[in-house]
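If you want the building blocks of each chain, they are given just below.
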Amino acid sequence: MSNYFHRVLLIYVKDIKDEFRTFDNLLSTIIFGVMLVFIFSFAFQLTDLAVDQAFSAVLWVSIFFSSVLAIQRSFAKERENNVMDALLLASGDRGIIFLAKFLCNLTVLLLFELVVVPLLWIFTGISALGHIQAGLFIGSLFLGSWGLAAIGTMLNGITIQLPSARLLFPILLFPLLIPLLIGVIQCTNTALLGVSEPLSGWVYFLISFNILFTVLPLVLFDFVLEG
Amino acid sequence: MLEGWKKFNFWVLMLLVPINIYLIFLYAPVEKTMGIVQKVFYFHVASAWIGLLAFVVVFIASIAYLANRKVQMNHLALASAEIGTLFISCTLLTGPLWAYPIWNTWWTWDPRLTTTLVLWFMYVAYIALQGGGTAENRRRFAAVYGIVAFINVPLVFFSARWWRSIHPIVVSGEGIGLTPKMRFVMFFSIVTFSFLYTYLLGLRYKGISLAERINRLKAELSQ
Amino acid sequence: MVFFTLGYAVIWILILGYTALIRSQQSKLEKQIVILEERLREQERAAES
């Protein structure tokens, strides 16, 4: 068992190193996200709408669209350099590859949010939060990124092997993300606006959703990366 | 065997469809508050039901394909997905046509409406994934997506319902008092549509198999 | 009444249109199969002789 996670860790470290060696992937994703956030908050200013009401919607739409860019790269490197077969041989288990890629995508998304979320915060001029609210906000960011990375990694493993990957990936991804979108917007909204809603239910929902979509690919990934 | 079943199915349809139309237009009473528009309801609900049933077939056929790798299972899943898209489109188009004159709105984010729309998106994604070619890996991917997407359907429905239970629904589909006569007609419509579904499924399944055979023949010829 | 007619028209057009489409597609495919099989047989005969 420890051997299993050791191998996950090895591939994860390799991917992270790759990510930071070239850096262009993370950088372009962050720039894209900054642009999105800028356009969104500026557009809301132009229409005189209350931005703090729409903050969580803007936040998550920005993250969802940027994640398409971020996740799409994760298997592309292997494909370009034909490393996939070697990786399959070295890991021996496709679940290991999935977990490593998933963790790598999660890390990239969290780094991305580290830059984009404070920026959106400044643009929209929302007041500071209390400790509990801030914790809830960060928690929902983490839960959202987890689900996004898990589903995205699984689907990217599929689309990367097809010719029309760029178009197919978002088409496959977004319908599956709807329950996550609902849950995560409820959580961020509650954190920001402090509405007294039964919230713990949504947190449990998100956690079980994420666990389901992390375990399910572990089973199905054998069929995705076959032969 | 399949041909015989198709013939039988066709004649059952020829019998059921006229009876169904008679029942809807002449037998079922006109709803007091909504008037005649309410009669769209019988086909609306029946096609929604078939849309969901077709997805169950996609799910089961996908599992069967991954288990035994029979091409037929993949053909069945694709045929079912196409017909499911057709019926879900019917539901999505008739829904607003019915809702607008009654509630004065084309669309509300009711859990059922939301789920139906997401279901439509997933069907389209499934067909897009499978439709680009007949390579073996596309079949496998489509099967994986079919399974994951089906598991997603109840999650969408319950999360949408839960969200709506917190923010009260302005317009609700509940409270249509169905009289026993209406109930019977609705049940009859569902039966008719189920036969329509199996008929179309058989037809489309054969079409996909024929296309597959042409591909094989072409490959043999070019050798 | 308008919406009622529209609702039924939409369903019938979609279902009948789809049925007609796949039926015509199928007959085309069947014709194509006959031609292809013929050509395949010719090819085999040519290879034998």
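Refer to the structure printed above.
Owing to the predicted nature of the structure, the values given are computational and were not obtained by experimental measurement.

Cut-off values and rules
- Residues numbered from 1 in each chain as written.
- Chains lettered and ligands numbered in written order.
- Predicted model: local features only at pLDDT ≥ 70, side-chain atom pairs only at ≥ 80, totals over all residues.
- Heavy atoms only, no water.
- Contact = heavy atoms within 4.5 Å.
- Buried area = accessible area lost by both parts, 1.4 Å probe.
- Salt bridge = Lys/Arg side-chain N within 4 Å of Asp/Glu carboxyl O.
- Polar contact = N/O pair within 3.5 Å; in protein donor to acceptor, adjacent residues only side chain to side chain.
- Phe/Tyr/Trp six-rings, centres within 6.5 Å; stacked < 30°, edge-to-face > 60°.
- Axes fitted to C-alpha atoms, helices over the stretch in contact; angles between N-to-C directions.
- Helix = DSSP H or I, 4+ residues; strand = E, 2+ residues; numbered from the N terminus.
- Parallel < 35°, antiparallel > 145°, perpendicular 65-115°, else oblique.
- Left-handed = near helix turned anticlockwise from the far one by under 90°.
- Nonpolar A, V, L, I, M, F, W, Y, C, P; charged D, E, K, R; others polar.

Time to look at the interface of chain C and chain B. Tallying the contact residues gives 26 residues for chain C and 37 residues for chain B. Overall, the association of chain C and chain B removes approximately 3100 Å² of surface from exposure, summing both partners, and the carbon and sulfur fraction of that is 79%. Linking chain C to chain B there are two salt bridges. Salt-bridge contacts for E37(C) lead to R213(B); the nearest nitrogen and oxygen are separated by 2.7 Å. Where chain C packs against chain B, one counts seven residue pairs in polar contact (both at pLDDT 80 or more).

In total, this model carries 36 aromatic pairs over all chains according to the counting rule given. What links up through ring pairs into an aromatic cluster is the set F25(B), F43(B), F87(B), F193(B), Y8(C) and W12(C).

Residues and elements named next belong to chain A. Their axes nearest at 11 Å, the elements helix α3 (residues 51-72) and helix α8 (residues 165-176) cross at an angle of 130°. When the axes of α3 and α8 are compared, the pair comes out oblique. For the pair α3 and α8, the sense of crossing is right-handed. Of α8, the residues touching α3 (which contributes F64, F65, V68, I71 and Q72) are A165, R166, F169, P170, L173 and F174. Each residue belonging to the contact of α3 with α8 can be placed in one class, and the counts come to nine nonpolar, one polar and one charged.

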